[in-house]
Amino acid sequence: MGTRDAAALSRRLRELPSVGRLAAALGDGASPEAEEAMTMVVARRVIDERRDELRADPHAPPVDLVAHAQEALARGQRRSLRRVVNATGVILHTNLGRAPLAPSAQAAVAEVAAGYCNLELDLRGGGRGSRHDHVEALLCELTGAEAALTVNNGAAATLLAAATLAGPGRSVVVSRGQLIEIGGSFRIPEVIAASGSELIEVGTTNRTRLEDYAVAIAEAEPRVGALLRVHPSNFATFGFVASVEVAQLCGLGPPVIDDVGSGVLVDGVGELEAEPAVRGSVSAGSALVCFSGDKLLGGPQAGLLVGRADAVARARAHPLARALRIDKLSLAALEATLALYREPARALAEIPVLAMLAADPEVLARRARDLAGALGDRGEVVASSARVGGGALPVAELAGPAVAVDAGSGGADALAAALRGADPPVIGHIHDGRLLLDPRTMTDADAEIAASSLIGLLTP
Ligand SMILES: *Cc1c(COP(=O)(O)O)cnc(C)c1O
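A brief look at the structure comes next. (Residues numbered from 1 in each chain as written. Predicted model: local features only at pLDDT ≥ 70, side-chain atom pairs only at ≥ 80, totals over all residues. Heavy atoms only, no water.)

**With respect to helix α7 (residues 154-165)**
1) Next: Under the 1.5 Å per step criterion, the end-to-end length of α7 is 17 Å for 12 residues, consistent within 8% with the ideal 16 Å.
2) Next: Burial analysis of α7 places 11 of its 12 residues in the buried class, the great majority of the element.
3) Next: Three or more residues of α7 are buried, namely G154, A156, A157, T158, L159, L160, A161, A162, A163, T164 and L165.
4) Next: The N-terminus of α7 is capped by N153, whose side-chain oxygen sits 3.3 Å from the backbone nitrogen of A155. (Helix = DSSP H or I, 4+ residues; strand = E, 2+ residues; numbered from the N terminus. Expected span 1.5 Å × (residues − 1). Buried < 20%, exposed > 50% of the residue type's maximum accessible area, 1.4 Å probe, protein only. Polar contact = N/O pair within 3.5 Å; in protein donor to acceptor, adjacent residues only side chain to side chain.)

Structure representation (structure tokens):
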């Protein structure tokens, strides 16, 4: 560094405010102690960074250190896991946390989170209770099962079912058409391997017949622990295809595990008719039916196992059950969600996933019109389609409106990124180069948030 640069550097370093002065400029001094400490930390970091910058380039252009520090402070105070506005039109968006909870489920979580609860206490006798008791009777009532068990998620339910009914030294028989990957590296062959069981594949990719199972069972007896049927969930096959109904599998002898993926517990929602109903699988005679709590059931992340009393009792006693157990917050949300299903009309109205599936077209049209109207000549209502997502009903398209936003010269990708940076972040989707916002997955309040963020970003 030349002497002139050295002189410039020393002058500019001297001009930097002290940590105390910058911190004072950030707050008005009335903030609580913890915030004051944070302000000092941020002020020190911003000044240190500026010092490094000036050492690298003594002639760096001036910056507004107070604005810089304010921004850093705001960033630091924001939590990493935050609420976002889902404008994607994908109802069960895995990246966005799948199912939002019904108001009664939210309240149940808040109550249990705020203090102690009778998670494993029998309030009548005063002795030890089981966490499973809080939802078992409800699950039996809603599905017709003899017994039920709840674990941490759907993948855990399938793993536990295979480990319980088969496990080391025993086999699980699966159709080659159902050796699927769900996403997030949940692959049926690997789940069976992880359960310690041997996999016996039967049939072909597109067609598997009852005899295929019967032959495999005859060859492998008595090693066969279970027959596993897996709902393809996130893909569909057409044409020259055949698979075996669960009722026929149940007639073959070995216990049947039916991984139905999503728990459909209501009738009368046209969109859900293609999904296997849990009650149907139970009455067909499945030993264990496995499904997720946060897919079409519309509750918290959870894995449910319902079925025959002997099979559920064995699953409960398996060492994995403890490792995979559900936590009290999810259990609270699950009980409240299941309770809504006792009155199907209430379930349809109050469980957000079901309400979004069957959303009133007029409500969607009005919400889209209001949002587009707020954006003036930058917003336009277009025909679009929402999706179920979450590995359910892959081919279902839910026709409805969306708002296309004119992103101007910056382009749709840049506008989508800026919206993700808003507070709260607004997540849209890009279709044919245009940014679309779908009213189906937003509330009216969400749409207002999206509008005001967009107005801020589009105004030059
Ligand atoms: C989604 C799904 C799972 C996994 O459930 P998670 O709750 O995501 O763990 C397992 N099996 C099938 C058939 C599924 O669709």
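The discussion continues.
**Notes on the packing of aromatic side chains**
1) Next: Scanning the model with the defined rule gives zero aromatic pairs in all.
2) Next: One cation-aromatic arrangement involves R207 over F240; the distance from NZ or CZ to the ring centre is 3.9 Å. (Phe/Tyr/Trp six-rings, centres within 6.5 Å; stacked < 30°, edge-to-face > 60°. Lys NZ or Arg CZ within 6 Å of the ring centre and 35° of its normal.)

**Looking at the sheet that holds strand β13 (residues 429-431)**
1) Next: Pairing in this open sheet of five strands is mixed, and the strands run β2-β10-β11-β14-β13 from one edge to the other. Of all strands in the sheet, those with a lone pairing partner are β2 (90-92) and β13, marking the two edges. Strand after strand, the sheet turns through a mean of 45° between neighbouring axes, direction not considered.
2) Next: Strand direction decides the pairing type here: strand β10 (residues 379-389) and strand β11 (residues 398-405), joined by eight bridges, are antiparallel. For A383, the partnering residue across the bridge sits in β11 and is P401.
3) Next: Strands in contact with helix α18 (residues 412-420) are β11, β13 and β14 (434-437); relative to β14, the strand with the most contacts, it is inclined by about 40°. (Pairing = 2+ DSSP bridges. Axes fitted to C-alpha atoms, helices over the stretch in contact; angles between N-to-C directions. Contact = heavy atoms within 4.5 Å.)

**Some remarks on the side chain of Q178**
1) Next: Checked against the element boundaries, Q178 lands in the loop between β4 (171-175) and α8 (188-194).
2) Next: Among the residues examined, Q178 registers a relative accessible area of 9% and is labelled buried.
3) Next: Here V230 takes part through its backbone nitrogen, which lies 3.1 Å from a polar atom of the side chain of Q178.
4) Next: Those residues in contact with Q178 that lie beyond four places of it in its chain are I188, Y213, L228, R229, V230 and S243.

**A few points about the nonpolar core**
1) Next: Residues L272, F291, L296, V306, L338 and Y341 are the most contacted members of the largest nonpolar core, which totals 44 residues.
2) Next: Going through the elements one at a time, β2, α6 (133-143), α11 (278-284), β8 (288-292), β9 (303-307), α14 (328-340), α16 (352-357) and β10 are the ones with two or more residues in this core.
3) Next: Broken down by element, this core gets its largest block of residues, five residues, from α6.
4) Next: Among residues more than four places away in sequence, those in contact with Y341 are L142, L265, V266, L296, L297, A347, I351 and L354.
5) Next: By size, the runner-up hydrophobic cluster in this structure holds 31 residues, among which are L149, V151, I188 and L288. (Core = buried A, V, L, I, M, F, W, Y, C linked by side-chain atoms within 4.5 Å.)

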